[in-house]
Amino acid sequence: MDFAFDARTQELRAKLLTFMEQYVYPAETTAHEQRLQLKSPWDTPAVVEELKAEARSQGLWNLFLPDAEHGAGLTNLQYAPLAEITGRSPHLAPTALNCAAPDTGNMEVLAQFGSDEQHKRWLEPLLAGEIRSAFAMTEPEVASSDATNIETRIAKEGDEYVITGRKWYISGAMNPDCKIFIVMGKTDPDNADVRRQQSMVLVPRDTPGVEVRRAMQVYGYEDHSHGGHAEVVFHGARVPVENLVGEEGGGFAIAQARLGPGRIHHCMRLIGMAERAIELMCRRAVARTAFGKPIAQQGVVQEWIADARVAVEQLRLLVLKTAWLMDTVGNRGAHTEIQAIKIATPRTVLDIIDKAVQVHGAGGVSQDFPLAELWAAARTLRIADGPDEVHQRSLARRELKKYL
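Residues numbered from 1 in each chain as written. Predicted model: local features only at pLDDT ≥ 70, side-chain atom pairs only at ≥ 80, totals over all residues. Heavy atoms only, no water.

> Explain helix H8 (residues 299–333) to me, using residue names and the numbers behind them.
The end-to-end C-alpha distance of H8, which contains 35 residues, comes to just 43 Å, noticeably less than the 51 Å that a straight helix rising 1.5 Å per residue would cover. Of all the bends in H8, the greatest, near 95°, is centred on aspartate 327. Residues of H8 that are buried: Val301, Ala308, Ala311, Val312, Leu315, Arg316, Val319, Leu320, Thr322, Ala323, Leu325 and Met326. Buried-residue contacts for H8 involve helix H3 (76–86), helix H7 (251–287) and helix H9 (335–360). (Helix = DSSP H or I, 4+ residues; strand = E, 2+ residues; numbered from the N terminus. Expected span 1.5 Å × (residues − 1). Bend = angle between axes of the 7 residues up to and from the residue. Buried < 20%, exposed > 50% of the residue type's maximum accessible area, 1.4 Å probe, protein only. Contact = heavy atoms within 4.5 Å.)

Written out as structure tokens, the structure is:
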């Protein structure tokens with residue numbers, strides 16, 4: 001697929017593929033072994049810092065950020081194939097390149113909406129990979145796919161905001177390097193415009209009243225590599241009004257601006273996950289024999305492999321089209337395609353990974369292969385950044401509107 005990309009993208013792809021082969025894949029086992037020796041499972045293994053240093057020295061750093069002042073200055077179309085490559089090792093490669101969620105979305109928010117002081121205090125150390133961050137939006141008591149439901153309150157008292165509320169599945173919050181939360185809550189809950197009720201504020205982790213209560217599991221996994229998915233309670237935590245991101249009432253719009261690029265990043269990494277699942281499935285199929293012949297000669301397995309290849313090629317083209325539209329007509333102009341990839345990619349990749357698990361038998365659900373964790377991650381993405389049904393509802397309305 002090199003022919004479809006400009007010279008810079010092809011150069012970065014070549015460098016990244018080599019980086020993956022020489023450094024990332026060999027480090028997967030090392031990272032797991034080192035994590036077992038850490039005092040806390042949430043600490044960062046030494047090999048991860050080594051990978052970060054190597055990636056930075058090779059210019060494979062902050063590739064996600066289109067703002068050339070702060071990042072690599074790549075377009076969505078240029079970054080998409082790079083995100084796919086990192087998806088082949090989703091628990092290690094994005095972090096190594098400082099391109100891991102939720103930091104990517106948070107850096108985009110700060111770069112676009114943050115003040116000069118916020119840039120200096122939080123954006124710069126995030127860009128340098130010195131600290132991590134979290135985005136506190138989802139809540140356990142309401143359907144958070146509808147952001148207007150959020151119950152966390154951000155009350156202004158003099159020159160401070162007081163934050164009260166309970167969040168959960170706050171990715172990265174268990175990592176001790178997570179120093180800052182971007183918290184979404186309501187500053188004006190009685191506003192007639194339900195999309196102007198929300199604001200975002202920066203809350204340092206060490207603020208009195210911030211309780212990182214527990215790590216939430218995802219299908220039995222705690223996802224140590226990404227700093228977990230925590231339940232966080234804000235007990236009247238106070239921050240100065242200067243910690244407001246953007247303007248009061250602008251939280252909903254900022255969230256939408258943040259989620260557009262995030263969705264395409266997730267989808268491209270999912271395609272990388274699917275490619276690795278296909279590779280593992282093929283290797284397993286040619287190495288194992290059942291009922292007198294290699295599994296690779298079983299007709300049903302051949303169908304699974306063929307269907308997986310067709311599906312991945314279709315998805316990749318749709319995601320690349322979406323990236324191109326985002327670059328040329330903006331996120332709003334690519335709204336339909338963004339929703340389409342968010343619907344199609346996780347569930348298609350989930351099916352491919354599931355078939356790879358089936359080919360591996362008991363090994364597929366074990367810790368000896370990455371498939372079980374890949375499956376859990378893909379299944380989760382059918383909920384994250386808006387569940388399938390929300391995108392289907394919106395997409396159907398846009399289609400029906402043409403005929404009304």
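Having seen it, we continue.
> If you had to explain the nonpolar core to someone new, which residues and values would you point to?
Ranked by size, the top nonpolar core spans 89 residues in total, and within it Phe19, Leu63, Leu97 and Ile353 carry the most contacts. The leading source of residues in this core is H7, at 15 residues. Sequence-distant contacts of phenylalanine 19, that is, excluding residues within four places in its chain, are made with Val24, Leu51, Glu54, Ala55, Gln58, Leu60, Ala96 and Leu97. Ala136, Ala173, Cys178 and Val201 belong to the second-largest nonpolar core, a separate cluster that totals 22 residues. (Core = buried A, V, L, I, M, F, W, Y, C linked by side-chain atoms within 4.5 Å.)

> Describe the packing of aromatic side chains, naming the residues involved and giving the relevant values.
Taken as a whole, this structure holds 4 aromatic pairs when the rule is applied. Both rings, one in tryptophan 168 and one in tyrosine 169, keep their centres 5.2 Å apart while their planes meet at 70°; by these two values the pair is edge-to-face. The partly exposed category is assigned to tryptophan 168, whose relative accessible area is 24%. Residue classification places tyrosine 169 among the partly exposed residues on the basis of a relative accessible area of 32%. For the cation-ring pair, arginine 258 lies above phenylalanine 135, with the distance from its terminal atom to the ring centre recorded as 4.0 Å. (Phe/Tyr/Trp six-rings, centres within 6.5 Å; stacked < 30°, edge-to-face > 60°. Lys NZ or Arg CZ within 6 Å of the ring centre and 35° of its normal.)

> Describe unusual backbone geometry, with residues and values.
Residues alanine 101 and proline 102 are joined by a peptide bond in cis, for which omega reads 5°. Along the chain, proline 102 falls in the loop between helix H4 (93–96) and helix H5 (103–113). Within the chain, asparagine 98 stands out as a residue other than glycine whose phi angle is a positive 55°. Structurally, asparagine 98 is set in the loop between H4 and H5.

> Outline the pattern of salt bridges, supporting the account with residue identities and numerical values.
This model, assessed by the stated rule, comprises 23 salt bridges. A salt bridge links glutamate 139 to lysine 167, with the nearest nitrogen and oxygen atoms 2.9 Å apart. Separated by 28 residues along the polypeptide, glutamate 139 in the loop between strand S1 (132–136) and strand S2 (153–157) and lysine 167 in strand S3 (residues 160–171) bring together distant segments of the chain. Its relative accessible area of 4% is what places glutamate 139 among the buried residues. Relative accessible area serves as the criterion here: at 0%, lysine 167 is assigned to the buried category. Two residues, arginine 214 and glutamate 231, come together in a salt bridge whose shortest N-O distance is 2.5 Å. Of this pair, arginine 214 sits in strand S6 (residues 210–215) while glutamate 231 sits in strand S7 (residues 229–240), and the two are 17 residues apart along the sequence. Taking the relative accessible area as the measure of exposure, arginine 214 reaches 40% and is therefore partly exposed. Counted as one network, the salt bridges with shared partners bring together Glu141, Arg166, Glu211, Arg213, Arg214 and Glu231. (Salt bridge = Lys/Arg side-chain N within 4 Å of Asp/Glu carboxyl O.)

> How would you summarise the UniProt feature "domain: Acyl-CoA dehydrogenase/oxidase C-terminal" (unreviewed entry) in the protein chain if you had to cite specific residues and measurements?
Annotation from UniProt places "domain: Acyl-CoA dehydrogenase/oxidase C-terminal" (unreviewed entry) at residues 249–398. Overall, residues 249–398 shows 79% helix and 3% strand. The separation of its end C-alpha atoms is 26 Å. (UniProt positions renumbered as here; feature names shortened; annotations may be inferred.)

> With reference to specific residues and values, describe the state of the cysteines.
Considering all chains together, one arrives at 0 disulfides under this definition. In this structure cysteine 178 is a free cysteine whose sulfur lies 18 Å from that of cysteine 99, the closest cysteine sulfur available. On the basis of relative accessibility, which here comes to 0%, the residue cysteine 178 falls in the buried class. (Disulfide = S-S within 2.5 Å.)

> Now, about the packing of H7 against H9: what can you tell me, with residues and values included?
The contact between H7 and H9 brings their axes to 9 Å, and the two run at 20°. It follows from the interaxial angle that H7 and H9 lie roughly parallel. Here the hand of the crossing between H7 and H9 comes out left-handed. (Axes fitted to C-alpha atoms, helices over the stretch in contact; angles between N-to-C directions. Parallel < 35°, antiparallel > 145°, perpendicular 65-115°, else oblique. Left-handed = near helix turned anticlockwise from the far one by under 90°.)

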